Amino acid sequence: MSFGKRVSGGNAAAPGKPVAPASPSPEVKPKAVAPAPKPAAPAPAPVPAKVKPPEAPAAEEMVVSEKSEQYYATKTTVFNALIDTIDLGQLAQLDQESAREEIRDIVVEIIAIKNVVMSISEQEGLLDDICNDVLGYGPLEPLLARDDIADIMVNGADTTYIEVDGKIQRTNVRFRDNAQLMNICQRIVSQVGRRVDEASPICDARLLDGSRVNVIAPPLAIDGPTLTIRKFKKDKLRLEDLVNFGSISPAGSELLRIIGHSRCNVLISGGTGSGKTTLLNCLTGFIEPGERVITCEDSAELQLQQPHVVRLETRPPNIEGSGAVTMRELVKNCLRMRPERIIVGEVRGPEAFDLLQAMNTGHDGSMGTLHANSPREALSRVESMITMGGFSLPARTIREMIVGSIDVVIQATRLRDGSRRIINITEVMGLEGDTIVLQDVLTYEIDGEDADGKLIGQHRGTGIGRPKFWERARYYNLEQDLATALDTLEEAA
Ligand SMILES: Nc1ncnc2c1ncn2[C@@H]1O[C@H](COP(=O)(O)OP(=O)(O)OP(=O)(O)O)[C@@H](O)[C@H]1O
Ligand SMILES: [Mg+2]
């Protein structure tokens, strides 16, 4: 046969099994080679009869690409022939373009030799699919190319869900088998120098575009490798966008601006995917350009626009289990870096103590997010993080610390219609006995539901004439703006 082993030079690695190239090319950006579905029109179509039906009772599948069983069978045949022919090790040394060209040429020959009958467009689709499998993230590519998807959730080879517009939908994307899925997971995590296998079945990683990835593999994940991707949004949502979506009212956003400008210490609380990080990113927009800001994150997601920002990221342990750098270590180190504000991406452990201390000791305007379902729960979570962190402080002392450091808690939530809303802006007033006193400045109230199941509601003021941060606002010359915002909220009430 004339084709194959075209890539000459270098060490002649044995023809590979369908595994990831030894050193995956860094250029595996989800290039829209395939006619990727337009972000704006993810029109859900009914499940075609040919697509393997889901095992579980599922709602309507979102058809990402319509392919028949016949197509998959052909693809497997061509793919196997390609793998027998091509030298993956050497392919990995080529740049994306040349590697694609190489694969194209060989696939075209295989199709001719094997007498596969295909239309030109089917052949183009097959070429793209195979290139994606060999060089990129396989069936994930069309999903990664779309900017309207917030999360991709792969539960084993046959089941992939996506979140679009706050709603989780099943797709018809599937992998050849769990081995292919595992190879793709491996390819993803190896880019950040990690490994995922039976010995270390849990792994956090990041795609080159910044998307956050978690992999949990068998035997821990019972039904096959499970991959979760929080897609990085190139165009981060801004506060105006949140206002346009109705996540916050214009007067509410004015309140957020004043809170940000007047350097209140803020905790953003909310459930998973409720929009905490997005909100934190918006709030950081009000930091003055001259301030020295230090951000600490598990996976750098924030995009601060200010010039004087130092970004820090935690590090998981290496394969031998050493070298981990925790959030607590980062936050502690921050304090030696002369920060003016400290931003903690997600507070989930003993670093809560250090963040409160920072807030308490002249780093006004520090911020963090945490998982909780209400402002009150957020504060009790802070308390238990400190208690569980091994600080043997009496509960009252911890509460005094909380009251003395956190000014405002902002609660984000994802409502049942999929929309994300800010549902409380709450002030921490003080301690009464052993109880922390909170005061809502703004709440979101649901008034009903429209014919399409969308919730109707309004952000309302709570009749507070002078919130506790009034003095701060005055100090920053924002007293009048605050009064106006509060009046507007009151009118809505
Ligand atoms: N107000 C909003 N309206 C519409 N979409 C939003 C809104 N806020 C956030 N999103 C989108 O929702 C997704 C999740 O947002 P984000 O990462 O901010 O959530 P999170 O609460 O930080 O999640 P996690 O708990 O996983 O860290 C993102 O794709 C983001 O663009
Ligand atoms: Mg987040």
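To keep things clear, this report deals only with the structure shown in the data block. This structure is a prediction, so every number in the text was calculated from the model and none was measured.

1. Observations regarding the overall build of the protein
Here's step 1: Check the secondary structure of the protein and you find 15 helices and 16 strands.
Here's step 2: Per-residue burial for the protein yields a buried fraction of 39% across its 493 residues.
Here's step 3: Sequence-distant contacts, at least 24 apart, represent 60% of the contacts inside the protein between residues at least 6 apart.

2. Quick notes on the sheet that holds strand E2 (residues 149-155)
Here's step 1: Read from one edge of the open sheet, seven strands run E1-E4-E3-E2-E7-E6-E5, paired in mixed fashion. Looking at which strands have only one partner, the edges of the open sheet turn out to be strand E1 (61-62) and strand E5 (202-206).
Here's step 2: Taken together, the five bridges between E2 and strand E3 (residues 160-164) define a ladder with antiparallel strand orientation. The partner of Ile152 across the bridge, within E3, is Ile162.

3. Quick look at the site of ligand 1
Here's step 1: With respect to spatial proximity, 16 residues lie near ligand 1, and among them Ala150, Ser247, Gly275, Thr277 and Thr278 are the closest.
Here's step 2: Within the residue set of the shell around ligand 1, elements represented by two or more residues are helix H7 (239-245) and helix H9 (276-284).
Here's step 3: Looking at the shell around ligand 1, the element that brings in the most residues is H9, giving three residues.
Here's step 4: Of the residues that constitute the shell around ligand 1, the class distribution is four nonpolar, eight polar and four charged.

4. Some thoughts on the sheet that holds strand E12 (residues 367-371)
Across a sheet, paired strands are connected by hydrogen bonds in the backbone, their directions being either parallel or antiparallel.
Here's step 1: Strand order in the open sheet formed by nine strands is E10-E9-E11-E12-E8-E13-E14-E15-E16, and the pairing between neighbours is mixed. Every other strand in the sheet has two partners, leaving strand E10 (309-313) and strand E16 (455-461) as the edge strands with one partner each. Taking each pair of neighbouring strands and ignoring which way they run, the sheet shows an average axis angle of 25°.
Here's step 2: Two strands pair when backbone bridges link them, and strand E8 (residues 266-270) and strand E13 (residues 408-414) are joined in this way by five bridges, in the parallel orientation. By the bridge assignment, Ile268 is partnered in E13 with Ile410.

5. So, the packing of helix H8 (residues 250-261) against helix H15 (residues 479-492)
Two packed helices can be described by the angle between their axes and the distance between those axes.
Here's step 1: Taken N-terminus to C-terminus, the directions of H8 and H15 make an angle of 150°; their axes are 9 Å apart at the nearest point. When the axis of H8 is compared with that of H15, the two are roughly antiparallel. For the pair H8 and H15, the crossing hand works out as left-handed. For the pair H8 and H15, contact is made by Ala251, Gly252, Glu254, Leu255 and Ile258 and by Asp481, Leu482, Ala485, Thr488 and Leu489, respectively.

6. What to know about helix H1 (residues 69-85)
Here's step 1: In this model H1 runs 24 Å from its N-terminal to its C-terminal C-alpha over 17 residues, within 8% of the 24 Å that 1.5 Å per residue would give.
Here's step 2: For H1, the set of buried residues is Thr74, Val78, Phe79, Ala81 and Leu82. For H1, the arc enclosing every buried residue in end-on projection is 165°, short of the 170-degree limit, so these residues lie on one face. More than 90 degrees from the buried face of H1, the exposed residues found are Glu69, Ala73, Thr76, Asn80 and Asp84.
Here's step 3: As for H1, its buried residues are in contact with helix H3 (96-113) and helix H4 (120-135).

7. Some thoughts on the nonpolar core
Within soluble globular proteins, side chains that are nonpolar generally end up buried alongside one another.
Here's step 1: One finds Leu255, Val266, Leu355 and Ile410 to be the most contacted residues of the largest nonpolar core, which totals 65 residues.
Here's step 2: With six residues, the single largest contributor to this core is helix H11 (residues 351-360).
Here's step 3: Among residues more than four places away in sequence, those in contact with Ile410 are Val266, Ile268, Leu279, Ile422 and Ile425.
Here's step 4: Formed by 26 residues, the second largest nonpolar core is a distinct cluster that contains Leu140, Met182, Leu207 and Leu227.

8. Thoughts on the environment of Arg176
Here's step 1: In this structure, Arg176 sits in the loop between strand E4 (167-171) and helix H6 (178-190).
Here's step 2: The spacing of Arg176 and Ala157 is 19 residues in sequence and 6.8 Å in space, taken between C-alpha atoms.
Here's step 3: With residues near it in sequence (within four places) discarded, Arg176 still touches Thr76 and Ala157.

What counts, and where the lines are drawn
- Residues numbered from 1 in each chain as written.
- Chains lettered and ligands numbered in written order.
- Predicted model: local features only at pLDDT ≥ 70, side-chain atom pairs only at ≥ 80, totals over all residues.
- Helix = DSSP H or I, 4+ residues; strand = E, 2+ residues; numbered from the N terminus.
- Buried ≥ 20, exposed ≤ 12 C-beta atoms within 10 Å, placed from the backbone.
- Contact = placed C-beta atoms within 7 Å.
- Pairing = 2+ DSSP bridges.
- Near = placed C-beta within 6 Å.
- Nonpolar A, V, L, I, M, F, W, Y, C, P; charged D, E, K, R; others polar.
- Axes fitted to C-alpha atoms, helices over the stretch in contact; angles between N-to-C directions.
- Parallel < 35°, antiparallel > 145°, perpendicular 65-115°, else oblique.
- Left-handed = near helix turned anticlockwise from the far one by under 90°.
- Expected span 1.5 Å × (residues − 1).
- Arc of directions from axis to C-beta.
- Core = buried A, V, L, I, M, F, W, Y, C linked by C-beta atoms within 7 Å.

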